[in-house]
Amino acid sequence: MGEADQQPAGLKLSVMGLESGEPTTVAEMVTDPRTRRMWWIRVSMYIAFVIAGQSAATLLGRLYYAKGGNSKWMASLVECGGFPVLIPLYILTKKNSPPANSNSNSTSHVSLPILTLAYTVMGILIAGFSLLYSVGLMYLPVSTYSLISASQLGFNALFSFFINSQKITTYILNSLVLLTLSSILLVFENPSSSESAQSGSSRRNFAIGFLSTVGASVGYGLLLTLTEFFFEKVVRRRTFKVVVDVLVYPPAVASAAVVAGLFGSGEWKGIGKEMEGFELGKASYVMTLVWTAVCWQVFSIGCVGLIFEVSSLFSNVIGTFGLPVVPILAVVCFRDEMGGLKVIAMVLAVWGFVSYLYQHYLDDREDSGSKFESDGGRSSGEGDDQETLGEGLLV
């Protein structure tokens, strides 16, 4: 079929998401201005989704607690319950999906039990860390919560080392140490009187919030690693349909688990009273929850989109990059105090992020160089495992 078929199989990418379209070589992708521009537009859009969605959702979550909300299960539900907004997109991808045998290069059919198990595991993880994040946000000032959450990058790298064979270089190790120190420093912080009034924190509650946020960061780092594993080793391809499935099925499982917890704990009985006592009024109570759910969904779209276009590690790097934005906004919105330990922790977290990002830059340069090396027709990797560029949300 021409030059495209003479390239090694590992160097073919499905550009612009047309699963049944003509494969395009890496060289063509990189040199074609329109393709490169569209890819950067999609990646930039996903980055904006991650940073804006995360910042807004975290601040709205703190607002829910600050103005009278006290249901951990309700706060957890809005973190994972926004997936219904994607149902029209899900239906569209189902209608436009080509037949399974329409592409000879497509992966073999993954059995329903395996997919069910994968989505269930991811959904339970989402429910678990959503609950832990809600507990952390209940007991911690927003700035402290966000800085501790930066440790998720270190856990993601650690899990990727064992599960996805991610190499731990000097820069990544440096990043892990700095992010760990950033979180450890906050253990020694004494909540100020204003912060204690906002979050109802005591030393005991601070410890609960700290451990819950660290536990949630562990779960989130594991989820991103397993999502990468799911793309690479289970479905063995990255298509827009697979991305939408990941955005719908695991959150649906998580929402079911959280709803069961909401009713099982009896917290649902106090929702009406909580709405009545919300300082900003009933309408604001509903809108706070709705917009928190929407913002978390925007964040999820950005995260999975970056995994789709680049990698899970890059997605987490961008998420970590956005975390320092929240403490700054928290100082303005909630009058959080930025003490010396918090400033040092933030500097260490940013330093760790930069170290990690630099390693990603070095890997990117190395990968780009190796893709253009002539190796006598030998593939640069297993054809089915290669990352593909697909149709993003920008259509």
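Residues numbered from 1 in each chain as written. Predicted model: local features only at pLDDT ≥ 70, side-chain atom pairs only at ≥ 80, totals over all residues. Heavy atoms only, no water.

If you look the chain up in an unreviewed UniProt entry, it shows as Probable purine permease from Linum trigynum. UniProt's Sequence similarities (unreviewed entry) comment on the chain is quoted here verbatim: "Belongs to the purine permeases (TC 2.A.7.14) family." Of the comments in the UniProt record for the chain, the one headed Subcellular location (unreviewed entry) reads "Membrane". (UniProt positions renumbered as here; feature names shortened; annotations may be inferred.)

Now for the overall build of the chain. Helix and strand content of the chain: 17 helices and two strands. Burial status across the chain gives 48% buried among its 395 residues. Contacts spanning at least 24 positions in sequence make up 84% of the contacts within the chain whose residues lie at least 6 apart. As displayed, the chain offers around 18100 Å² of accessible surface, 66% of which is attributable to carbon and sulfur atoms. (Helix = DSSP H or I, 4+ residues; strand = E, 2+ residues; numbered from the N terminus. Buried < 20%, exposed > 50% of the residue type's maximum accessible area, 1.4 Å probe, protein only. Contact = heavy atoms within 4.5 Å. Areas by Shrake-Rupley, 256 points an atom, 1.4 Å probe, with all protein chains shown as cover.)

In total, this model carries 16 aromatic pairs according to the counting rule given. Centroid distance Tyr119 to Phe230: 5.6 Å. Interplanar angle 50 degrees. Geometry classified as tilted. With Tyr119 in helix α6 (residues 112–139) and Phe230 in helix α11 (residues 203–234), this pair connects stretches of sequence that are 111 residues apart. In this pair, the class of Tyr119 matches that of Phe230, namely buried. Members of the aromatic cluster, connected to one another through ring pairs, are Phe129, Tyr133, Tyr145, Tyr220, Trp296 and Phe299. (Phe/Tyr/Trp six-rings, centres within 6.5 Å; stacked < 30°, edge-to-face > 60°.)

This next bit is on the packing of helix α3 (residues 33–66) against helix α7 (residues 142–149). Relative to each other, α3 and α7 sit at 135 degrees, their axes nearing to 11 Å. Accordingly, the angle class assigned to the pair α3 and α7 is oblique. In this structure, α3 meets α7 at a crossing whose hand is right-handed. Here Thr58, Leu59 and Arg62 of α3 lie close against α7, whose contacting residues are Val142, Tyr145 and Ser146. Looking at side-chain class alone, the contact of α3 with α7 contains three nonpolar, two polar and one charged residues. (Axes fitted to C-alpha atoms, helices over the stretch in contact; angles between N-to-C directions. Parallel < 35°, antiparallel > 145°, perpendicular 65-115°, else oblique. Left-handed = near helix turned anticlockwise from the far one by under 90°. Nonpolar A, V, L, I, M, F, W, Y, C, P; charged D, E, K, R; others polar.)

In this model α3 runs 49 Å from its N-terminal to its C-terminal C-alpha over 34 residues, within 8% of the 50 Å that 1.5 Å per residue would give. Downstream of α3 by one or two residues, Gly68 has phi in the positive range, about 125 degrees. (Expected span 1.5 Å × (residues − 1).)

Of all hydrophobic cores here, the largest spans 70 residues; its most connected members are Met74, Phe230 and Phe231. No other element matches the 13 residues that α6 contributes to this core. Phe230 has contacts with Leu115, Ala118, Tyr119, Met122, Val235, Arg236, Val242 and Val246, leaving out every residue within four places of it along the chain. Judged by nonpolar contacts, the second largest core, of 12 residues, contains Ala157, Leu176, Phe353 and Tyr356. (Core = buried A, V, L, I, M, F, W, Y, C linked by side-chain atoms within 4.5 Å.)

Moving on, we get to the pattern of salt bridges. Using the criterion set out here, one finds four salt bridges in the structure. A salt bridge links Arg42 to Glu309, with the nearest nitrogen and oxygen atoms 2.7 Å apart. Of this pair, Arg42 sits in helix α3 while Glu309 sits in helix α14 (residues 282–309), placing them 267 residues apart in sequence. Using a relative accessible area of 2% as the deciding quantity, one classes Arg42 as buried. (Salt bridge = Lys/Arg side-chain N within 4 Å of Asp/Glu carboxyl O.)

The contact between α7 and helix α16 (residues 325–334) brings their axes to 8 Å, and the two run at 170 degrees. Classified by the angle their axes make, α7 and α16 are roughly antiparallel. Contacts between α7 and α16 pair Val142, Ser143, Ser146 and Leu147 from the former with Val326, Pro327, Ala330 and Phe334 from the latter.

Inspection of the secondary structure puts Glu79 in helix α4 (residues 72–80). At 12 Å, Arg62 is the nearest oppositely charged side chain to Glu79, a buried residue that forms no salt bridge. Reaching out from Glu79, the side chain makes a polar contact with the side chain of Ser134 at a distance of 3.3 Å. Here Glu79 is in contact with Ser130, Tyr133, Ser134 and Trp296, once residues within four sequence places are set aside. (Lys, Arg positive; Asp, Glu negative; His and termini not counted. Polar contact = N/O pair within 3.5 Å; in protein donor to acceptor, adjacent residues only side chain to side chain.)

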